[in-house]
Amino acid sequence: MQGPHPQKLTAALAAKFASPTRSTRLTVVLGRWLALTFTICFLTGLFSHGLQNPPSWMFFPTNPVWIYQLCQGLHVTAGIASIPLMLAKLWSVYPELLVWPPIKSVRHGLERASIALFIASSLLQLTTGLINTYKWYPWPFPFRETHYWLAWVIWGSLLLHIAVKLPAIMANWNGRAVRRAEQQGPERGPASEGTAAAAAVGMPGTGVAPGRWSRRAFLTGVGVSTGAVVLTTAGQSFSWLSPLNVFAPRVMGTGPQSVPVNRTAAEAKVADLATSGEWSLAVTYRGNSTTFDLAGLRALPQHQEELPIACVEGWSQTAHWSGVRIRDLIGAVGAPPDSALRVTSLEPEGPYRLMSMPAEYVQDERTLVALELNGAILDVQHGYPARIIAPGRPGVLQTKWLQTVEVL
Ligand SMILES: Nc1nc2c(c(=O)[nH]1)N[C@H]1C(S)=C(S)[C@@H](COP(=O)(O)O)O[C@H]1N2
Ligand SMILES: [Mo]
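Just so it is clear, the model here is predicted, and its values are computed rather than measured. Starting from 1, residues in each chain are numbered consecutively following that chain's sequence as written. Each chain is given a letter, starting from A, and each ligand a number, starting from 1, according to the order in which they appear as written. Restriction of local features to residues with pLDDT of at least 70 applies here, the model being predicted, together with a cutoff of 80 or more for giving and counting side-chain atom pairs; totals for whole chains, interfaces and linings are based on all residues. Just so you know, side-chain values use all the structure's heavy atoms and leave hydrogens and water out.

Topic: the overall build of the protein chain
For the record, the criterion: The secondary structure listing takes helices from DSSP runs of H or I that are at least 4 residues long and strands from runs of E that are at least 2 residues long, numbered from the N terminus. Buried residues are those whose accessible area, probed at 1.4 Å on protein chains only, stays under 20% of the maximum for their type, while exposed residues exceed 50% and partly exposed ones sit between those limits. Contacts: residue pairs with any heavy atoms within 4.5 Å of one another. Using the Shrake-Rupley algorithm and a 1.4 Å probe, accessible areas are obtained, with residue cover drawn only from the displayed protein chains.
Each helix and strand in the protein chain was counted, giving 12 helices and 10 strands. Across the 408 residues of the protein chain, 45% fall into the buried class. Of all intrachain contacts in the protein chain linking residues separated by at least 6 positions in sequence, the fraction that spans at least 24 positions is 68%. Of the roughly 20,700 Å² of accessible surface on the protein chain, a fraction of 64% belongs to carbon and sulfur atoms.

Structural data, given as structure tokens:
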């Protein structure tokens with residue numbers, strides 16, 4: 001049997017996908033942009049994960065009050081920006097998937113394995129992350145744990161990849177050599193009239209990049225599309241961009257009392273309990289429990305604060321809250337302000353039922369048991385009769401429909 005030689009076949013395939021815009025330099029530039037967005041995602045993700053699953057050394061900043069809003073906004077925005085960058089980067093290296101033989105040496109095998117792992121885990125991370133901001137969970141695994149561990153897989157494969165690719169990266173760092181080579185012709189041989197002419201009309205198979213213009217145009221295109229997806233979605237986190245918010249799932253100023261709702265009272269199965277009129281908040285300290293009904297809470301000094309809800313799912317909104325300082329509330333039962341708390345919700349089950357509050361937030365006078373939102377009694381969707389609002393914390397820890405507060 002006589003088929004085409006595999007090497008010829010892949011050469012023909014590579015020629016089919018060849019483009020004069022592709023070059024090592026393009027790949028390296030896109031790689032730098034991606035390194036920036038991935039680093040932002042990783043650091044903000046670690047901080048967010050730490051706030052929700054605190055290790056013993058975790059520190060809990062309450063200043064500025066929008067610190068978590070910034071963290072969340074940067075995380076989601078950098079993640080969204082990574083999508084066009086990643087696609088462009090994949091396009092820029094695509095012909096390399098066709099090299100023959102597929103594995104030439106241990107180093108080459110390692111390089112390809114690290115790339116495969118990096119691409120697979122990054123694509124999974126970016127798509128599931130994006131889908132998560134739309135509150136859609138079409139998968140059976142817990143999102144946050146998976147997202148967290150996948151980030152380490154990406155980082156590991158990236159470090160391995162960078163280690164193997166170090167020579168190419170170094171060469172581009174003092175990029176003059178490479179640029180000169182591209183202008184004069186490829187390493188594959190001296191530029192002849194034939195190849196130069198072929199490159200000028202974008203003919204495949206020559207491997208000659210015709211200069212910087214098309215690369216610049218391509219990078220500008222990638223930059224513009226990245227900017228466009230960022231500008232049309234970041235308004236769900238940053239109010240000054242909200243007029244441009246076209247595609248993001250959450251829109252500022254919508255929802256009861258002009259604040260979006262993440263999970264409704266009906267979804268949380270608390271609507272009846274919360275509105276029954278029999279509600280009271282139990283505050284426990286050293287085994288003694290004191291209950292406060294709504295009138296009891298209103299009888300304590302009321303304070304106003306302007307604080308954001310910053311949801312881990314990718315939206316934020318600042319609002320005016322009014323209610324009792326949590327330190328005053330536990331002070332009323334004799335507990336010191338530097339206590340840590342365990343707070344429960346009326347919700348019968350699920351991860352939102354129980355919330356731990358480290359002493360940093362309890363001590364902060366801006367942490368409220370909120371009874372009012374934007375000048376009116378809290379809507380049941382926002383946690384009526386009473387909810388927590390604390391500075392600098394993820395939205396998921398701003399417990400709605402309070403049931404008990406236990407001083408630890
Ligand atoms: N008990 C309870 N508290 C909760 C939730 C919940 O589902 N149940 N959702 C949390 C999440 S994820 C966010 S972002 C905020 C949203 O608050 P909002 O609906 O008032 O805007 O409430 C938090 N508090
Ligand atoms: Mo949230």
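More follows now that the structure is in view.
So, the packing of aromatic side chains
Stated formally: When two rings of Phe, Tyr or Trp (its six-membered ring) have centres within 6.5 Å they constitute a pair, described as stacked for plane angles under 30 degrees, edge-to-face for angles over 60, and tilted for the intermediate range. For a lysine, the NZ atom is tested; for an arginine, the CZ atom; a charge sits over a ring if that atom is within 6 Å of the ring centre and within 35 degrees of the ring normal.
Per the stated rule, a full pass over the model turns up 10 aromatic pairs. Between Y148 and W149 the ring centres are 4.9 Å apart and the planes differ by 75 degrees, which places this aromatic pair in the edge-to-face class. Relative accessible area serves as the criterion here: at 54%, W149 is assigned to the exposed category. Every member of this aromatic cluster is reached through a ring pair, and the members are F42, Y148, W149, W152 and W155. Taking NZ or CZ as reference, R393 lies 4.5 Å from the ring centre of Y361, over its face.

Quick notes on the site of ligand 1
Formally: Being near a molecule or strand, for a residue, comes down to having at least one heavy atom within 4 Å of it. We call two N or O atoms a polar contact when they sit within 3.5 Å, provided that within protein one can donate a hydrogen and the other can accept it, with sequence-adjacent residues counted only if both atoms are side-chain atoms. When residues are grouped by polarity, Ala, Val, Leu, Ile, Met, Phe, Trp, Tyr, Cys and Pro land in nonpolar, Asp, Glu, Lys and Arg in charged, and all others, Gly among them, in polar.
Inspection of the region around ligand 1 gives 20 residues, with P260, R263, E347, H382 and R387 positioned closest. Take S345: an N or O atom from its side chain is 3.0 Å from a nitrogen atom of ligand 1. Side-chain polar atom of E347 to a nitrogen atom of ligand 1: 2.4 Å apart, as the coordinates give it. Split into classes, the residues belonging to the shell around ligand 1 amount to 9 nonpolar, 7 polar and 4 charged.

A few points about the sheet that holds strand β1 (residues 281-285)
As a reminder of what qualifies: Strand pairing is defined by DSSP finding a minimum of two bridges between the two strands. To get an axis, fit a line to the C-alpha atoms, keeping to the stretch in contact for a helix; angles then go from 0 to 180 degrees between the N-to-C directions.
Across the sheet, 5 strands lie side by side as β2-β1-β10-β5-β6; this open sheet has mixed pairing. Each having just a single partner strand, β2 (288-292) and β6 (354-357) make up the two edges of the open sheet. Direction aside, neighbouring strands of the sheet carry axes that sit 20 degrees apart on average. Judged from the 4 bridges that link them, strand β5 (residues 341-345) and β6 form a sheet pairing that is antiparallel. Following the sheet pairing, R342 is matched in β6 by S356.

Regarding the nonpolar core
To keep things clear, this is the line we draw: By convention a nonpolar core is built from buried Ala, Val, Leu, Ile, Met, Phe, Trp, Tyr and Cys residues, the set being connected through side-chain atoms within 4.5 Å. Domains are outlined according to an automatic or database domain assignment.
L297, L329 and L341 are the most contacted members of the largest nonpolar core, which has 42 residues in total. Each of domain 1 (6-244) and domain 2 (258-407) contributes no fewer than three residues to this core. Setting aside chain neighbours within four positions, we find L329 in contact with L281, V283, F292, L297, L300, V324 and V369. In terms of nonpolar packing, the next biggest core, distinct from the first, is built from 15 residues, L26, L34, A88 and L126 among them.

Overview of the pairing of β2
In terms of strand pairing, β1 meets β2 through 5 bridges, oriented antiparallel. Its bridge partner being in β2, Y285 is matched across the sheet by N288. With antiparallel pairing between neighbouring strands as the criterion, β1 and β2 make up a hairpin whose turn holds 2 residues, including R286 at a positive phi of roughly 50 degrees.

Examining the pairing of strand β10 (residues 402-407)
As defined by bridge partners, β1 adjoins β10 across 3 bridges and the pair is classed as parallel. Paired with V283 across the strands is V405, a residue of β10. Alignment of β5 against β10, held across 5 bridges, turns out to be antiparallel. By the bridge assignment for β10, R342 is matched with E406.

Some words on helix α5 (residues 143-173)
Inclusion rule: Take the residue count of a helix, subtract one, and multiply by 1.5 Å to get its expected span. Here the bend at a residue means the angle between the axes of two seven-residue stretches, the one that ends at it and the one that starts at it.
Between the first and last C-alpha of α5 there are merely 38 Å, a value that for 31 residues lags more than 12% behind the 45 Å anticipated at 1.5 Å per step. When the local axis directions of α5 are compared, the greatest deviation, roughly 65 degrees, occurs at K165, which is followed within four positions by the proline P167. When α5 is considered as a whole, its buried residues turn out to be F143, H147, L150, A151, I154, S157, L158, H161, V164 and N172.

Observations concerning the pattern of salt bridges
Going by this rule: Definition used for salt bridges: Asp or Glu carboxyl oxygen within 4 Å of a side-chain nitrogen of Lys or Arg.
Inspection of the entire model under this criterion finds 3 salt bridges. A salt bridge links E347 to R263; the shortest N-O distance between them is 2.9 Å. You can see E347 sitting in the loop between β5 and β6 and its partner R263 sitting in the loop between α8 (212-231) and α9 (271-275), a full 84 residues away along the chain. Here E347 falls in the buried class, since its relative accessible area comes to 3%. Relative accessible area serves as the criterion here: at 25%, R263 is assigned to the partly exposed category. Note that R366 is salt-bridged to D364, the shortest N-O span being 2.7 Å. Judged by relative accessible area, which is 11%, D364 ranks as buried.

Structural notes on the packing of helix α2 (residues 24-52) against α5
Note the following rule: Geometric relationships in this document are graded by angle, where less than 35 degrees denotes roughly parallel, more than 145 denotes roughly antiparallel, 65 to 115 denotes roughly perpendicular, and other angles denote oblique. Here a crossing is taken to be left-handed if its near helix is turned anticlockwise relative to the far helix by less than a right angle, and right-handed if that turn runs clockwise.
Orientation of α2 relative to α5, taken along the N-to-C sense of each, is 150 degrees, at an axis distance of 10 Å. Relative to α5, the element α2 lies roughly antiparallel. Regarding α2 and α5, the two cross each other, and that crossing is left-handed. Across the interface between the two elements, T24, R25, V28, R32, F38, T39, F42, L46, H49 and Q52 from α2 touch R144, Y148, A151, W152, I154, W155, N172 and W173 from α5. Residue classes in the contact of α2 with α5 are distributed as 10 nonpolar, 5 polar and 3 charged.

A short note on unusual backbone geometry
Following W100, the chain continues to P101 via a peptide bond in cis, the omega torsion being -5 degrees. With respect to the helices, strands and loops of the structure, P101 is situated in the loop between α3 (67-93) and α4 (106-133). The backbone phi angle of Q257 is positive, close to 55 degrees, even though this residue is not glycine. Mapping Q257 onto the fold places it in the loop between α8 and α9. Located in the positive-phi region is W401, a residue other than glycine, with phi close to 55 degrees.

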